[in-house]
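Close look at the chain arrangement
Listed here are the chains, written in short residue letters.
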Amino acid sequence: MINLSDATPFAEGGNRKCYVHPNNPNRCLKVVHPGLLQEIKKNKPWYKRFRSIDSFDDNLREEQAYKQKALIKDNPNLWKHLAKWYGMTKTDIGMASETELIKNDNQIAETLENYLFTYGVTEEIKKSIEEFQMWLRENLILTKNLIPHNLVLKEQDGKIIIKIIDGLGPQAFIPLHDYSTYFAKRYVEKRIKLMWSRINWDLSGRKGNWK
Ligand SMILES: Nc1ncnc2c1ncn2[C@@H]1O[C@H](COP(=O)(O)OP(=O)(O)OP(=O)(O)O)[C@@H](O)[C@H]1O
Ligand SMILES: [Mg+2]
């Protein structure tokens, strides 16, 4: 079993703590915050309390999301904008998801949010976002809302490549293997539109509602 109780996370979000894998500097281990699942369940409206605790677990949700219809094809291009998935791994602080750690020359990659707050929507990042959109449309990858802090930037061949590191999988419950292309196209278009509203909302001081 992997020991993480003595390790310091390199980052954390609302749901999970992120560690560099102690035996592999190119992999990331994410563990759901202790007690979070019980807390979420307690605070959900009564009608949602009947759902199992597992359905709130971001790692389990992500594990399912990587099995979606679009990703079971054998096409290396699918991974261009997505951290690779290596399964679930036992650690001394709970089950962790193991994924590709996105880095640039040994530095952990920065988020799109961080970039936008520093430089704004530059021509360079606009091109990267457009390329990312094309990939989403071509491959019809289902994601939750695309939020800039869940996208990180990898420098490759003099370009910035956007990588999804969190938020794969559909927004609400839909079957992951049996949906129509028509549905997926509409779904992806909506995520792209909302990604831009979120970017504009972030950059204009987060006033009002972003959706
Ligand atoms: N594979 C990765 N490569 C590089 N950085 C990463 C990776 N995974 C996570 N990070 C960094 O860690 C932060 C938190 O990770 P993540 O978004 O997975 O946590 P979370 O708790 O699920 O987030 P949320 O609050 O959105 O639910 C990210 O915003 C990013 O900066
Ligand atoms: Mg996140």
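Scope of this entry: the structure provided in the associated data block.

Parameters at a glance
- Residues numbered from 1 in each chain as written.
- Chains lettered and ligands numbered in written order.
- Predicted model: local features only at pLDDT ≥ 70, side-chain atom pairs only at ≥ 80, totals over all residues.
- Pairing = 2+ DSSP bridges.
- Helix = DSSP H or I, 4+ residues; strand = E, 2+ residues; numbered from the N terminus.
- Near = placed C-beta within 6 Å.
- Nonpolar A, V, L, I, M, F, W, Y, C, P; charged D, E, K, R; others polar.
- Core = buried A, V, L, I, M, F, W, Y, C linked by C-beta atoms within 7 Å.
- Buried ≥ 20, exposed ≤ 12 C-beta atoms within 10 Å, placed from the backbone.
- Contact = placed C-beta atoms within 7 Å.
- Axes fitted to C-alpha atoms, helices over the stretch in contact; angles between N-to-C directions.

**Considering the pairing of strand β4 (residues 85-91)**
Here β4 pairs with strand β5 (residues 94-100) via 5 bridges, running antiparallel. Bridging across to β5, threonine 91 finds its partner in glycine 94. The loop that links β4 with its antiparallel partner β5 comprises 2 residues.

**Considering the site of ligand 1**
Every one of the 23 residues lining ligand 1 counts as a neighbour, but Ala11, Gly13, Gly14, Asn15 and Asp166 are closest to it. Of all the secondary-structure elements, those providing two or more residues to the shell around ligand 1 are β1 (11-12), β2 (16-21), β3 (24-32) and β5. In terms of residue class, the shell around ligand 1 is made up of 10 nonpolar, 7 polar and 6 charged.

**Considerations on the nonpolar core**
In terms of nonpolar packing, the biggest core is built from 32 residues, with Leu29, Ile102, Leu151 and Ile164 touching the most fellow members. Beyond its immediate sequence surroundings of up to four residues, isoleucine 164 is in contact with His81, Leu82, Ala83, Thr143, Asn150 and Leu151.

**Some thoughts on the pairing of β2**
For β2, a buried count of 5 out of 6 residues is recorded, marking the element as mostly surrounded by other parts of the structure. Sheet topology places β1 next to β2; 2 bridges connect them, and they run antiparallel. When the sheet's bridge partners are listed, alanine 11 is paired in β2 with cysteine 18. Where β1 folds back on β2, the antiparallel hairpin that results is connected by 3 residues. The pairing of β2 with β3 spans 6 bridges and is antiparallel. Across the sheet, residue histidine 21 finds its bridge partner in β3, namely asparagine 24. The turn joining β2 and β3, which pair antiparallel and follow one another in sequence, is formed by 2 residues.

**Description of the sheet that holds β1**
The 5 strands are arranged β1-β2-β3-β5-β4 in an open sheet whose pairing can be described as antiparallel. Edge positions in the open sheet fall to β1 and β4, since each of these has one partner strand only. Relative to β5, β3 is paired through 5 bridges, and the arrangement is antiparallel. Paired with arginine 27 across the two strands is glutamate 100, which belongs to β5. Strand contacts of helix α2 (residues 58-65): β2, β3, β4 and β5, with the helix running at about 40° to β5, the strand carrying the most contacts.

**Some words on the environment of asparagine 24**
Counting through the fold element by element, asparagine 24 comes out in strand β3. For asparagine 24, a count of 12 C-beta atoms within 10 Å translates into the label exposed. In this structure the C-alpha to C-alpha distance between asparagine 24 and glutamate 100, which are 76 residues apart in sequence, comes to 10.0 Å.

Shape descriptors only; they carry no functional weight alone.
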